[in-house]
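# Architecture and fold: a report
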Amino acid sequence: MPDSTTCSGGSSPNRRRHHKRRREGRRNSFLRCALFCAYIFSPAQNQMSTSSLISSPITVSDAFTQPLPTTQCRLHRQKNNILQVATEPNIDTDTLQKSTLEKMTVKELKSYMTDNNILIPRGEASNLKLKKNIVDFIWSRLNNNDDSSTPITSSLKEAAPTTSSDDAAPKTNNRTKRPIGTRMPPLPESSPTSNNDNNNDSTYKLTPKDRIVLEVLDRYPPLHEAIVDACSIDSVLSEGITADNIEHCELNSLTYNVPPGIGENDMRHQYHPMLANATQTDMDVVFVGTASCSPGVTRGVSCTAIRLNWRNNREFDQVMNGGQRNKHDPQDQQRASTGGTWLFDAGESTQLSVQRTSSIKPGKISKIFITHCHGDHSFGLPGLLCLMGTDRDRDAPPVEIYGPEGLRMWLRVAIRYSVSRVVPPYRVHELMDVPMAPEWEEGHRRNGRFYYQLKSEGRKGMKWGTKGLAGEDSSSWISRAPMVNLEPNKDFGEIHGGQDIYPVYDHPKSTDGAPVWEVLDDGGVSVFAAPMSHGVPCLGYVVQEDDRPGRLMPENVLPVIERNRKELVESGVRNPMKLMALVKNLPVGGSYTFPDGTVLNQEDVVEPPGKGRKVVICGDTADCRALEGLAQDCDVLIHEATNTFLPGVDKEGTLRLVTRDAKIHGHSTPFMAGDFAKRVRAKRLVLNHFSARYKGDQSIESLTIMTRMERQAMKACELPENAVACAWDFMVLPVPRN
């Protein structure tokens, strides 16, 4: 009986020798067939019979020293490992048909196009992947060939692969590439359109890349003029870049002057659809920094400002105090401080960015809100406070700072360590117990690092937690900060009065059980917060203006007062015109009866209340669902769009992979931002927090990429182009009254 190891087919010597003989047999068989194929088609052996060929000895030198004829030879490996030689006869010049092309392989068809200089128009390469399409394309080009003296069949014969002799001239490829900027990729969502010409050979088809460039140049005339001036040496482009001549514009190698201007002098303020018809209001948003990670040449990191420019509530003061403000009334002092500039996040180099624009006055900053602890949102806070201290009265109200727990002690340590006595008076209010989103789970090392779980997306029954990370990891800053023995010191700016703000878990606008923080109610403006889905505790803020009382319609009141003036004076009303204020302040459903019996109802003389404006500022997030209830019907939604997939710019990956990577890192794409804007019925959507690879200047490369990202968000939120924008540094967005 044979050994069990031998029977199992393991490492038997006989089995190894058997496999070796099979490999040698296959190799020898392939060599014999190749030699036979080369020899049978050599000119010296064309007259030999098969029997004489087989009986004749075949040597390698005889087989490969003679050139092969211009016939096509293919080797087929069958299932039984027998090599067969198949040849195609020479093409008959008298019976040329389209079937000749159809018998060729895709590789042979492409080789034929290369050898015969059949150029593929721009934008058509993606349509020539199937053999049928390639055959139709070649056949149409051959039939439209103006050079009728060149026989088509002779060029078809050259399509078959041949082995050239040593003295054969090398083939040259005369194809030329039309230059185009590789950083301005095509848009996959739009189909190419053609620009018809009388001459079929000179027909140029516009690519999606051309169309987006033309759209950007049409939107921004100063940029168009700058590029035309750089192309003035070319007479074709001297009158402007259009669909008829864009193929001659070498944007990739062109040097042109980018239009100057920052802030409100940026050309985008005049020509971007969102700002083209904007008017000044008493509330606006200034984007001080729009990048992520670290500041760059064209973008600063996260910092957004809301300017409240309503002249110290003058109308409210006139009603309450006859136009005079009571300096001794604490509530009146609070109303007087309402307004100014509120900052949201202060990333690295924010103190430099605010000095580059006249839209932000450091001395007017009254409140600062921090979304989370990452450096691109907080590193600039100590330096910004030092800058504010040099331009602020020491007797001015303190700067109110809000952020997640741990912020108070971190800022105290930073200022005390740097001995920064120039900072203005400030106090820090901490939002306590900010939980991680349920889809984030702590790693197996239990070191306070959390990871996004794709498997948890959309899982029902997952609720937000009821406590933050304080105490969960004894080595984390949030847990250690309360143990630091460092008291506040007014010599270093910090004063007492900082509050610990705890969340409300049964808030009427809570979504999916997420906690809501009622941050402040400051003279007609309220601020709320909710947790975001990020790798660290993070918050999103909602700035809500109170509804304004309706305007009195004097045309409905004055005639009645004049008609009853005498009776009113006799009844003790010295100034009947004061009844205007009385009628305006009637409660809803109230009325006033005049001496002549005229009854004025409140709804007849007072317009409906004006709905207050709402601005939503999302922190870094992969999901804003906790803000959904608070953000409904917002006037402006500011949502991050750190990354996206742009075919032609991104050499690898897909939209699905980029979206997955963004979520894993706690960030979003324009599609995700647009989807949330649609869910909350936002009136306008502004994208920010872009990756460092996306420039923020006024160059054609930057504007084409930003326009494509706007289109992605528009596709998701179904808003028009004048309601979606990618923010740039120092962009000023007015928020009009409703």
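Residues numbered from 1 in each chain as written. Predicted model: local features only at pLDDT ≥ 70, side-chain atom pairs only at ≥ 80, totals over all residues. Heavy atoms only, no water.

## As for the sheet that holds strand β22 (residues 724–726)
Hydrogen bonding along the main chain pairs the strands of a sheet, whether they run parallel or antiparallel. In space, the seven strands of this open sheet follow the order β14-β15-β16-β19-β20-β21-β22, with mixed pairing throughout. Each of the sheet's edge strands pairs with one partner strand only, and the pair in question is β14 (517–522) and β22. Neighbour to neighbour, the strand axes of the sheet diverge by 15° on average, direction disregarded. In this structure, strand β16 (residues 539–545) lies alongside strand β19 (residues 614–617), joined through four bridges in antiparallel fashion. Across the sheet, the residue bridging to Val543 is Val615, located in β19. Of the strands in this sheet, β21 (685–688) and β22 touch helix α25 (residues 700–717), which is tilted by about 145° from β22. (Pairing = 2+ DSSP bridges. Helix = DSSP H or I, 4+ residues; strand = E, 2+ residues; numbered from the N terminus. Axes fitted to C-alpha atoms, helices over the stretch in contact; angles between N-to-C directions. Contact = heavy atoms within 4.5 Å.)

## So, the packing of helix α9 (residues 208–219) against helix α10 (residues 221–230)
Put simply, α9 and α10 touch, their axes get as near as 5 Å, and they point 110° apart. Judged by the angle between their axes, α9 and α10 are roughly perpendicular. Along its contact with α9, which presents Val216, Leu217, Asp218 and Arg219, the element α10 presents Pro221, Leu223, His224 and Ile227. Considered class by class, the residues forming the contact of α9 with α10 number five nonpolar, one polar and two charged. (Parallel < 35°, antiparallel > 145°, perpendicular 65-115°, else oblique. Nonpolar A, V, L, I, M, F, W, Y, C, P; charged D, E, K, R; others polar.)

## Some details on the confidence of the model for the chain
Model confidence for the chain is summarised by a mean pLDDT of 79, while 73% of its residues fall at 70 or above. Counting interchain partners and residues more than four positions distant, the pLDDT-below-50 stretch residues 146–201 has 93 contacts. (pLDDT = per-residue confidence, 0-100.)

## Observations concerning the side chain of Arg408
One can find Arg408 in helix α17 (residues 407–417). From its side chain, Arg408 meets the backbone oxygen of Val428 in a polar contact 3.0 Å long. Setting aside residues no more than four positions away along its own chain, Arg408 makes contact with Val428, His429, Glu430, Glu494, Gly498, Gln499 and Asp500. (Polar contact = N/O pair within 3.5 Å; in protein donor to acceptor, adjacent residues only side chain to side chain.)

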